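# A structural walkthrough
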Amino acid sequence: QVQLVESGGGLVQPGGSLGLSCAASGQIFRVDDMGWYRQAPGKQRELIARITRGGSTNYAGSVKGRFTISRDNAKNTVHLQMNNLKAEDTDDYYCNARVWGTSSSFRDYWGQGTQVTVSS
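## A closer look at the state of the cysteines
- Under the counting rule described, the total for this entry stands at one disulfide.
- Note on cysteine connectivity: Cys-22 is disulfide-linked to Cys-95, with sulfurs 2.1 Å apart. Between Cys-22 and Cys-95 the disulfide shows an S-S torsion of about -80°. By sign, it is left-handed. Linking Cys-22 in strand S3 (residues 18-26) with Cys-95 in strand S9 (residues 91-100), this pair joins segments that are 73 residues apart in sequence.
- Owing to a relative accessible area of 1%, Cys-22 belongs among the buried residues under this scheme.
- Under the relative-accessibility criterion, Cys-95 is labelled buried at 0%.

## With respect to the pattern of salt bridges
- In this structure the tally under the stated criterion is seven salt bridges.
- A salt bridge links Asp-108 to Arg-98, with the nearest nitrogen and oxygen atoms 2.8 Å apart. Within this pair, whereas Asp-108 is found in strand S10 (residues 106-110), its partner Arg-98 is found in strand S9, the two being separated by ten residues in sequence.
- The partly exposed category is assigned to Arg-98, whose relative accessible area is 31%.

## As for the nonpolar core
- Judged by nonpolar contacts, the single largest core of 28 residues is most densely connected at Trp-36, Phe-67, Val-78, Leu-80, Met-82 and Tyr-93.
- The set of elements that each furnish at least two residues to this core consists of strand S1 (2-8), S3, strand S4 (30-39), strand S5 (46-51), strand S7 (67-72), strand S8 (77-82), S9 and strand S11 (114-118).
- Contact partners of Met-82, with chain neighbours within four places excluded, come to Gly-16, Ser-17, Leu-18, Leu-20, Arg-66, Phe-67, Tyr-93 and Val-116.

## A few points about the packing of aromatic side chains
- A full pass over the atoms with the stated rule returns two aromatic pairs.
- Relative to Trp-110, the ring of Tyr-37 lies with its centre 4.9 Å away and its plane at 70°, an arrangement referred to as edge-to-face. One end of the pair, Tyr-37, is in strand S4; the other, Trp-110, is in strand S10, with 73 residues separating them in the sequence.
- Here Trp-100 and Phe-106 contribute two aromatic rings whose centre-to-centre distance is 4.9 Å and whose plane-to-plane angle is 50°, an arrangement assigned as tilted.
- According to the relative accessible area criterion, Trp-100 is buried, its value standing at 17%.
- The positively charged end of Arg-45 is found above the aromatic ring belonging to Tyr-94, 3.7 Å away from the centroid.
- In this arrangement the basic side chain of Arg-45 is found over the ring face of Trp-110, its NZ or CZ atom lying 4.6 Å from the centre.

Conventions and cut-offs
Residues numbered from 1 in each chain as written. Predicted model: local features only at pLDDT ≥ 70, side-chain atom pairs only at ≥ 80, totals over all residues. Heavy atoms only, no water. Disulfide = S-S within 2.5 Å. Helix = DSSP H or I, 4+ residues; strand = E, 2+ residues; numbered from the N terminus. Buried < 20%, exposed > 50% of the residue type's maximum accessible area, 1.4 Å probe, protein only. Salt bridge = Lys/Arg side-chain N within 4 Å of Asp/Glu carboxyl O. Core = buried A, V, L, I, M, F, W, Y, C linked by side-chain atoms within 4.5 Å. Contact = heavy atoms within 4.5 Å. Phe/Tyr/Trp six-rings, centres within 6.5 Å; stacked < 30°, edge-to-face > 60°. Lys NZ or Arg CZ within 6 Å of the ring centre and 35° of its normal.

Here is the structure:
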């Protein structure tokens, strides 16, 4: 079994910065793509940033230039640095990872979610 544990999040003023981290643990052979999604109540979960094992990244247009995703393959962790935060960034944020438990099987896992509130 694999767990994704998120940390970070909280309350920040508009224009401020916040960092989110996510660590994968358990029976892990390899972790491929890792990403961060966010979801507002009553809305679909949306991808905001994703990073491949090789370090290639892609971002949603709404966060490009403000958010930076990075990872540490040795520690199976992914980090999302969020700068110049706006009120519309207020959401629940979820970590996602494609984890190979063995050399022949993989599954997508989700973290429990962490709340980010941008407000003065």
